[in-house]
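Overview (structure and organization)
For reference, the chains in residue letters:
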Amino acid sequence: TVPVTVSAARVAATAAGVIAIVVVAAAVPTMRLARAGVLRSLAAERDDGATNGLARRIPLRRPLPVTLAVKQVLARPARSTVTAFALAITVGSLVAGLAFEATVANEDAAEQRALATRPIGPLAGELAPDRRDPVAIVDSTREQLRPIVNSFNAVLVSVAVVNLLATALLSLRRRRREVALGRAIGLTPRQVRRTVFCSDGVLGLIAAVAGIPLGTAMFLGVYQLVNGNTELAALPPAWQLAAVPVACVAAVIGVVAVPARQAANQSVTAGLQYE
């Protein structure tokens, strides 16, 4: 019922802000590319082996897909950290949304308890009701915030899915030769798929474990700023928090299913010839 107006100045300011964020985000890789040597740039398409000693020192043990997945995560720490951090922000936002729903229920219950103990009858004053009001009171402000919070979370989840898919496709493209070498020494397509699932699943698990306290702290901080205290703030039920890591890992595996299938079905000969 409230009219919403959008001015050209606000649209221009939003577009300028988005462009500025993109430029800042691209500054670091652009400077790294500009400072790279000629030989390093020519070999940039090759991403065969581990880039640090820690990943090389991990012995190959069974189950082999899990060991290879851990080596791949540790071999590229910067890429793994950025991917896990982006997922953790999304998980934290979802946890904050669950805490918001739990807090709304807690605030509604507190209001109903206050109404139940309010004095009634002529002794309570001229404006006091003469009987209990059975109608539940709905806070319009919270009802307006609920779709905003849910929409914001939906946008973050969409962005996280697109980023994860793009990262997985780029990573597997750069590791075509590495995957082909594994197939040449005996890895089956199923083991290749499991390796991809395990490597991204590990990042999803790390993101979920980090995202739960991040989302909790974010919600409590915002609630403190808005209300001045956290007396009525409530955390999500334990079963919801326990389901977050499971749901996160399952979602990550679902997103990377297509890249994993492509990696498993690629030609060994073409992969070995890839430069």
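Check the secondary structure of the protein chain and you find 11 helices and zero strands. Long-range contacts, defined as pairs at least 24 residues apart, comprise 80% of the intrachain contacts of the protein chain with a sequence gap of at least 6. As presented, the protein chain carries roughly 17,500 Å² of accessible surface, and 68% of it is formed by carbon and sulfur atoms.

With that out of the way, let us pick up the nonpolar core. Counting residues in each nonpolar core, the largest one holds 15 residues, and the members touching the most others are Leu87, Val91, Val95, Leu164, Val244, Cys248 and Val252. Apart from residues lying up to four places away in sequence, Leu87 is in contact with Ala160, Leu203, Gly204, Ala207 and Val252. Counting residues in each nonpolar core, the second largest holds nine residues, with Leu68, Val179, Val192 and Ala263 among its members.

What follows deals with helix α7 (residues 176-184). Every buried residue of α7 is accounted for by Arg177, Glu178, Val179, Ala180 and Gly182. Once α7 ends, the next one or two residues include Gly186, with phi positive near 125°.

Our focus in this paragraph is a nonpolar patch on the surface. On the surface, Met218, Val222, Leu225 and Val226 cluster together into a nonpolar patch covering about 430 Å² of accessible area. The topology assignment puts Val222 in helix α8 (residues 189-227). Look at Val222 and you get partly exposed, because its relative accessible area is 47%.

You can see Thr103 is positioned in helix α5 (residues 77-116). The sequence separation of Thr103 and Ala234 amounts to 131 residues, and the corresponding C-alpha distance is 4.7 Å. Residue contacts for Thr103: discarding those within four places in its chain leaves Phe219, Tyr223, Leu232, Ala233 and Ala234. Engagement of the side chain of Thr103 in a polar contact is seen with the backbone oxygen of Ala99, the distance being 2.8 Å.

What follows is about the packing of aromatic side chains. The tally for this structure, following the rule as stated, stands at one aromatic pair. Judged by centre distance (5.8 Å) and plane angle (35°), the ring pair of Phe219 and Tyr223 falls under tilted. Of this pair, Phe219 and Tyr223 both sit in helix α8, four residues apart, which is roughly one turn of that helix. Tyr223 carries the same exposure label as Phe219, and that label is buried.

Rules behind the numbers
- Residues numbered from 1 in each chain as written.
- Predicted model: local features only at pLDDT ≥ 70, side-chain atom pairs only at ≥ 80, totals over all residues.
- Heavy atoms only, no water.
- Helix = DSSP H or I, 4+ residues; strand = E, 2+ residues; numbered from the N terminus.
- Contact = heavy atoms within 4.5 Å.
- Areas by Shrake-Rupley, 256 points an atom, 1.4 Å probe, with all protein chains shown as cover.
- Core = buried A, V, L, I, M, F, W, Y, C linked by side-chain atoms within 4.5 Å.
- Buried < 20%, exposed > 50% of the residue type's maximum accessible area, 1.4 Å probe, protein only.
- Patch = residues over 30% accessible without salt bridge, like charges linked within 9 Å, V, L, I, M, F, W, Y side chains within 5 Å.
- Salt bridge = Lys/Arg side-chain N within 4 Å of Asp/Glu carboxyl O.
- Polar contact = N/O pair within 3.5 Å; in protein donor to acceptor, adjacent residues only side chain to side chain.
- Phe/Tyr/Trp six-rings, centres within 6.5 Å; stacked < 30°, edge-to-face > 60°.

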